[in-house]
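Spelled out, the chains give:
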Amino acid sequence: MTRTPLRAALVVAALAAGLSACQAPSSGPRTSPASPAASPAATGAIYVTGAKAGDDPCARVVSAIGYLGLSLLPPGQEEAQHWDGDVRGRFGYLRGTLEMYGTRLPAPAKDAVAAVDGVARTLSRAGTAASRRPGLLRRYRAASAAVLAACGRS
């Protein structure tokens, strides 16, 4: 009989978690995020945890680059980089940040943002061949450095 309160507590906790996970945001894209009609500015879509449409785009992108950098080995050690879900997930997080803020970065960052996004798209996939990853990571480092420079950071 002592299990009944515990069981009830577990059921309530599971229901609360399930219900909160099923709640949809009150506003968001109704079409594909890649389509112009669903741009973050047009829909108020949030692709980044804690983000707001009015946030400083450079601050957000620089932060995402730094967050990813915490999981990367130092430059020159690309061959030894471990590619787990954390690293791939952080590349995905960077892609969401670029989706939300990339178009509002300074003009000199435009080409570098496209390069970072393309490389991040590939490196966020589990199926990317291990032999391709070191070269892609070097390309990412060069492109992200250009984004940082355009934002006045190094």
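Summary of the structure given here. (Residues numbered from 1 in each chain as written. Predicted model: local features only at pLDDT ≥ 70, side-chain atom pairs only at ≥ 80, totals over all residues. Heavy atoms only, no water.)

Focus on the packing of aromatic side chains
Evaluation of the coordinates by the stated rule reveals three aromatic pairs. With a centroid separation of 5.4 Å and 65 degrees between ring planes, the pair formed by Tyr67 and Tyr93 is classed as edge-to-face. Of this pair, Tyr67 sits in helix H3 (residues 57-69) while Tyr93 is found in helix H4 (residues 85-101), placing the two residues 26 residues apart along the sequence. On the basis of relative accessibility, which here comes to 36%, the residue Tyr67 falls in the partly exposed class. You can call Tyr93 partly exposed: its relative accessible area is 26%. With a centroid separation of 6.1 Å and 20 degrees between ring planes, the pair formed by Trp83 and Phe91 is classed as stacked. Through a chain of ring-to-ring contacts, the aromatic side chains of Trp83, Phe91 and Tyr140 assemble into a single cluster. When the ring centre of Tyr67 is taken as reference, the NZ or CZ atom of Arg90 above it lies at 3.9 Å. (Phe/Tyr/Trp six-rings, centres within 6.5 Å; stacked < 30°, edge-to-face > 60°. Helix = DSSP H or I, 4+ residues; strand = E, 2+ residues; numbered from the N terminus. Buried < 20%, exposed > 50% of the residue type's maximum accessible area, 1.4 Å probe, protein only. Lys NZ or Arg CZ within 6 Å of the ring centre and 35° of its normal.)

Thoughts on H4
Taking 1.5 Å of rise per residue, the 17 residues of H4 would be expected to cover 24 Å, and the 24 Å separating its terminal C-alpha atoms lies within 8% of that figure. Within H4 the residues assigned to the buried category are Val87, Arg90, Phe91, Leu94, Gly96, Thr97, Leu98, Met100 and Tyr101. Looking at where H4 begins, the residue whose side-chain oxygen comes 3.2 Å from the main-chain nitrogen of Asp86 is Asp84. (Expected span 1.5 Å × (residues − 1). Polar contact = N/O pair within 3.5 Å; in protein donor to acceptor, adjacent residues only side chain to side chain.)

Focus on the packing of helix H5 (residues 110-123) against helix H6 (residues 133-150)
Packed helix pairs are characterised by how far apart their axes lie and by the angle those axes make with each other. Contact geometry of H5 with H6 gives a least axis separation of 8 Å together with a crossing angle of 150 degrees. It follows that H5 is roughly antiparallel to H6 by the angle criterion. You can see that H5 and H6 cross each other, and the crossing is left-handed. Seen from H5, the contacting residues are Ala112, Val113, Ala115, Val116, Val119, Thr122 and Leu123; seen from H6, they are Arg133, Leu136, Leu137, Arg139, Tyr140, Ala143, Ser144, Ala146 and Val147. Of the residues contributing to the contact of H5 with H6, the split by class is 12 nonpolar, two polar and two charged. (Axes fitted to C-alpha atoms, helices over the stretch in contact; angles between N-to-C directions. Parallel < 35°, antiparallel > 145°, perpendicular 65-115°, else oblique. Left-handed = near helix turned anticlockwise from the far one by under 90°. Contact = heavy atoms within 4.5 Å. Nonpolar A, V, L, I, M, F, W, Y, C, P; charged D, E, K, R; others polar.)

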